[in-house]
Number of protein chains: 2
Amino acid sequence: MPPAQTLTYSERAARHKNPAAKLLLETIERKNSNLAVSVDVTKREDFLAVVDAVGPLVCLIKTHIDIIEDFDYGLIKRLEELSKKHDFVIFEDRKFADIGNTVALQYSSGVHKIASWSHITNAHPVPGPSIVSGLASVGVPLGRGLLLLAEMSTKGALATGSYTEEAVRMARANSQFVIGFIAQRRMDGVGLVGGDVENEGDFLILTPGVGLEVKGDAMGQQYRTPDEVVRESGCDVIIVGRGIYGTDLKDVDAIRLRAERYRKEGWDAYLKRIRS
Amino acid sequence: MPPAQTLTYSERAARHKNPAAKLLLETIERKNSNLAVSVDVTKREDFLAVVDAVGPLVCLIKTHIDIIEDFDYGLIKRLEELSKKHDFVIFEDRKFADIGNTVALQYSSGVHKIASWSHITNAHPVPGPSIVSGLASVGVPLGRGLLLLAEMSTKGALATGSYTEEAVRMARANSQFVIGFIAQRRMDGVGLVGGDVENEGDFLILTPGVGLEVKGDAMGQQYRTPDEVVRESGCDVIIVGRGIYGTDLKDVDAIRLRAERYRKEGWDAYLKRIRS
């Protein structure tokens with residue numbers, strides 16, 4: 001097939017075999033939004049308020065369910081209701097990073113039961129292929145999708161060079177379940193060795209560290225614009241956090257205005273990309 | 001100072017500046033046990049039963065608190081009571097692997113509030129130094145200690161070569177909080193570059209993948225004996241899971257017998273090491 005970044009989201013949705021990837025691509029097309037909001041707040045009602053505010057404008061809500069202090073399973077029910085009401089996909093940004101047996105339990109069990117509600121989750125490839133098989137044993141029967149962290153956008157990150165190449169090879173070897181990467185660029189061709197035929201299927205690239213104003217925080221996060229990420233680097237989904245929900249979580253109008261600004265920037269960058 | 005593996009645990013305890021490392025070294029000496037048990041069960045009462053069974057024989061209990069389905073904070077109170085009753089250190093094997101801001105929240109907050117009860121936790125160095133500073137901002141004021149995953153014992157793990165070297169450099173640069181490594185060997189001298197003076201302080205090596213009988217599981221875990229790990233490779237703590245608690249969690253006598261066998265093997269290997 002042609003390189004994924006030259007196709008429309010709907011063309012890619014029609015071809016994709018993984019249910020979670022298909023759902024995400026269809027949602028992006030339906031809502032003209034490649035914007036994901038990362039809701040990194042610690043109170044349940046704050047979390048739901050932000051999700052409800054940005055829900056109409058996003059394709060995906062990214063969660064860190066393990067930072068919510070007053071979590072109970074009722075919160076998941078509320079999140080699922082909002083997911084249906086506003087038509088967005090859920091991505092628990094768990095960054096699994098353990099051996100196969102352990103991640104299978106962490107994914108399916110505990111108080112959070114991530115596999116039962118999160119369409120997409122992610123993992124570091126550092127433990128080797130057992131992490132993918134462990135998660136797949138839980139996620140594939142549920143139609144879930146996995147993203148691998150092939151790179152990180154923080155200063156001094158160790159996911160570079162041969163590490164990134166191995167991550168991409170691991171994804172290619174498990175493309176029924178691994179639907180893409182958390183990365184700053186497309187991974188087509190990365191890690192191919194002499195004689196390999198590139199047959200990528202379609203890996204989605206979800207990109208954190210996107211900002212319109214700020215260039216970095218005190219804890220090593222670095223930022224790029226939606227145009228740099230989507231048009232120049234060919235990524236598929238921009239992930240924005242505090243840049244959208246800010247510090248006043250009650251100011252729904254301001255949150256929606258900022259989300260709409262990012263949605264439009266991300267979508268315009270995509271339109272420029274597929275027309276070029 | 002002389003290489004850590006030539007000193008007794010009590011000599012090292014007397015020199016160590018980190019409160020969690022000091023506590024662990026003192027506990028090992030007091031109990032003549034360098035055995036840690038990893039309690040990877042999903043029911044609260046099973047968890048407490050295993051901890052109570054092995055508690056007298058271990059220096060440390062390793063937890064995956066996020067796999068316990070019927071967790072509530074009362075479980076932590078029970079764990080802390082057992083920690084006092086049986087005199088063991090607690091290590092939540094969380095394998096943090098996100099950017100600084102996020103891990104600070106994951107460590108301090110959520111339903112699990114790991115920093116408030118776990119003397120020791122661990123992290124992957126893959127995001128770069130911000131993960132250590134983020135965790136340190138929470139853990140240092142509480143007297144906690146951090147282990148870095150410099151290596152992993154699974155097949156095809158990507159924590160090798162320059163990745164391992166960078167992990168060790170990151171630990172040296174943060175030795176107030178980073179007390180050691182999850183690894184299969186000592187890390188002294190790893191990652192030193194020309195002109196560096198080796199001034200290691202004392203990094204503890206905690207080693208998973210220890211077994212007396214089994215050599216591997218279906219999900220990529222590989223096993224070594226206590227003698228290989230402690231005497232040959234100079235590691236400090238052996239971590240054993242199902243090899244001790246097995247499949248019948250009610251059979252306290254059998255669990256204690258297996259724990260005592262591992263405790264003795266680990267301690268004998270240590271005595272041989274320091275006498276050689």
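Chain A carries the name Orotidine 5'-phosphate decarboxylase in an unreviewed UniProt entry, which gives Leucocoprinus leucothites as its organism. Comment text from UniProt for chain A, heading Pathway (unreviewed entry), reads "Pyrimidine metabolism; UMP biosynthesis via de novo pathway; UMP from orotate: step 2/2."

Bringing the overall build of chain A into the picture now. Broken down by element type, chain A carries 10 helices and 8 strands. Taking 2.2 N^0.38 as the reference for a compact globule, 276 residues should give roughly 19 Å; the C-alpha atoms of chain A span a radius of gyration of 18 Å, in line with that estimate. The buried share among the 276 residues of chain A stands at 61%. Put simply, 72% of the contacts in chain A that link residues at least 6 apart link residues at least 24 apart. As displayed, chain A has an accessible area near 10,100 Å², and 51% of this comes from carbon and sulfur atoms.

Let us now look at the relation of the copies chain B and chain A. Note on the copies: chain B fits chain A at an RMSD of 0.0 Å, the axial shift is 0.0 Å, and the rotation between them is 180 degrees. Here the symmetry operator amounts to a two-fold rotation axis. Minimal C-alpha distance to the rotation axis in chain B is attained by alanine 97 of chain B, lying at 3.6 Å. The share of interface residues of chain B whose copies in chain A are also at the interface is 100%, consistent with both copies meeting through the same surface.

Glancing now at unusual backbone geometry. Residue and element names in this part refer to chain A. Located in the positive-phi region is asparagine 32, a residue other than glycine, with phi close to 45 degrees. Its location among the elements puts asparagine 32 in the loop between helix H2 (19-31) and strand E1 (35-39). On the basis of relative accessible area, asparagine 32 is assigned to the partly exposed category, the value being 34%.

Right, let's get into the environment of glutamate 92 of chain A. All names here are of chain A. Relative to the helices and strands, glutamate 92 resides in strand E3 (residues 89-96). Distance in space between the C-alpha atoms of glutamate 92 and threonine 63 is 4.8 Å, their sequence separation being 29 residues. Discounting residues that sit within four places of it in the chain, glutamate 92 has contacts with Thr63, His64, Ile65, Ile114, Trp117, Ser118, Ile120, Thr121 and Asn122. From its side chain, glutamate 92 meets the backbone nitrogen of isoleucine 65 in a polar contact 2.9 Å long.

Here we come to the environment of lysine 250 of chain A. Residue and element names in this part refer to chain A. Mapped onto the elements of the fold, lysine 250 is located in the loop between helix H9 (242-245) and helix H10 (252-275). The class of lysine 250 is exposed, set by a relative accessible area of 71%. When the C-alpha atoms of lysine 250 and arginine 185 are compared, they prove to be 35 Å apart, with 65 residues separating the residues in sequence.

This part is about the pattern of salt bridges. Residues and elements named next belong to chain A. By the definition in use, this model includes 46 salt bridges over all chains. Arginine 12 is the partner of aspartate 236 in a salt bridge, and the nearest nitrogen-oxygen pair spans 2.8 Å. One end of the pair, aspartate 236, is in the loop between helix H8 (226-232) and strand E8 (237-240); the other, arginine 12, is in helix H1 (residues 9-15), and 224 residues separate them in sequence. The residues aspartate 236 and arginine 12 share a single accessibility class, namely buried.

Buried within helix H3 (residues 44-54) of chain B are the following residues: Arg44, Phe47, Leu48, Val50, Val51, Ala53 and Val54 of chain B. Considering only its buried residues, H3 of chain B is in contact with strand E1 (35-39), strand E2 (60-63), helix H4 (73-86), helix H9 (242-245) and helix H10 (252-275) of chain B.

The next thing to look at is the interface of chain B and chain A. With 49 residues of chain B in contact, the opposing surface of chain A contributes 49 residues. Each partner contributes to the roughly 3,800 Å² buried at the junction of chain B and chain A, and carbon and sulfur atoms together form 60% of this total. The interface formed by chain B and chain A holds 4 salt bridges in total. The salt bridge involving aspartate 98 of chain A is made with lysine 95 of chain B; its shortest N-O contact spans 2.8 Å. Put simply, chain B and chain A have 18 residue pairs in polar contact (both at pLDDT 80 or more) between them. When residues of the side of chain B that touches chain A are traced back to their parent elements, those giving at least two are strand E3 (89-96), helix H5 (100-108), helix H6 (130-139) and helix H7 (162-172) of chain B. A total of 5 residues in the side of chain B that touches chain A trace back to one element, the largest contributor, which is H5 of chain B.

Within the secondary structure, arginine 186 of chain B sits in the loop between strand E6 (178-182) and strand E7 (204-207). Within the local environment of arginine 186 of chain B, its side chain forms a polar contact with the side chain of glutamine 5 of chain B, the two groups lying 3.2 Å apart.

Quick look at the pairing of strand E5 (residues 145-149) of chain B now. Residue and element names in this part refer to chain B. Most of E5 sits inside the fold, with 5 of its 5 residues counted as buried. Residue alternation in E5 divides its side chains into two sets, Gly145, Leu147 and Leu149 and Leu146 and Leu148, and both sets are buried. Bridge analysis of strand E4 (residues 120-123) against E5 gives 4 bridges, and the strand direction is parallel. Each bridged residue has a counterpart across the sheet, and for isoleucine 120 the counterpart in E5 is glycine 145. By the bridge criterion, 4 bridges tie E5 to E6 in an arrangement that is parallel. Bridged to leucine 147 within E6 is glycine 180.

To continue, consider the nonpolar core. Counting residues in each nonpolar core, the largest one holds 192 residues, and the members touching the most others are Leu24, Phe181 and Leu206 of chain A together with Phe181 of chain B. Residues in contact with phenylalanine 181 of chain B, not counting those within four places in the same chain, are Leu147, Leu148, Ala150, Ala167, Val168, Ala171, Met187, Phe203, Leu204, Ile205 and Leu206 of chain B.

All names here are of chain B. Read once around its circumference, the closed barrel built from 8 strands follows the order E1-E2-E3-E4-E5-E6-E7-E8, with strand pairing classed as parallel. The average undirected angle you get between the axes of adjacent strands in this sheet is 30 degrees. Pairing between E7 and strand E8 (residues 237-240): 2 bridges, direction parallel. Among the inter-strand pairings, leucine 206 is bridged to a residue of E8, identified as valine 237.

About the criteria used
Residues numbered from 1 in each chain as written. Chains lettered and ligands numbered in written order. Predicted model: local features only at pLDDT ≥ 70, side-chain atom pairs only at ≥ 80, totals over all residues. Heavy atoms only, no water. UniProt positions renumbered as here; feature names shortened; annotations may be inferred. Helix = DSSP H or I, 4+ residues; strand = E, 2+ residues; numbered from the N terminus. Rg over C-alpha atoms; globule rule 2.2 N^0.38 Å. Buried < 20%, exposed > 50% of the residue type's maximum accessible area, 1.4 Å probe, protein only. Contact = heavy atoms within 4.5 Å. Areas by Shrake-Rupley, 256 points an atom, 1.4 Å probe, with all protein chains shown as cover. Least-squares fit on C-alpha atoms with pLDDT ≥ 70 in both. Polar contact = N/O pair within 3.5 Å; in protein donor to acceptor, adjacent residues only side chain to side chain. Salt bridge = Lys/Arg side-chain N within 4 Å of Asp/Glu carboxyl O. Buried area = accessible area lost by both parts, 1.4 Å probe. Pairing = 2+ DSSP bridges. Core = buried A, V, L, I, M, F, W, Y, C linked by side-chain atoms within 4.5 Å. Axes fitted to C-alpha atoms, helices over the stretch in contact; angles between N-to-C directions.

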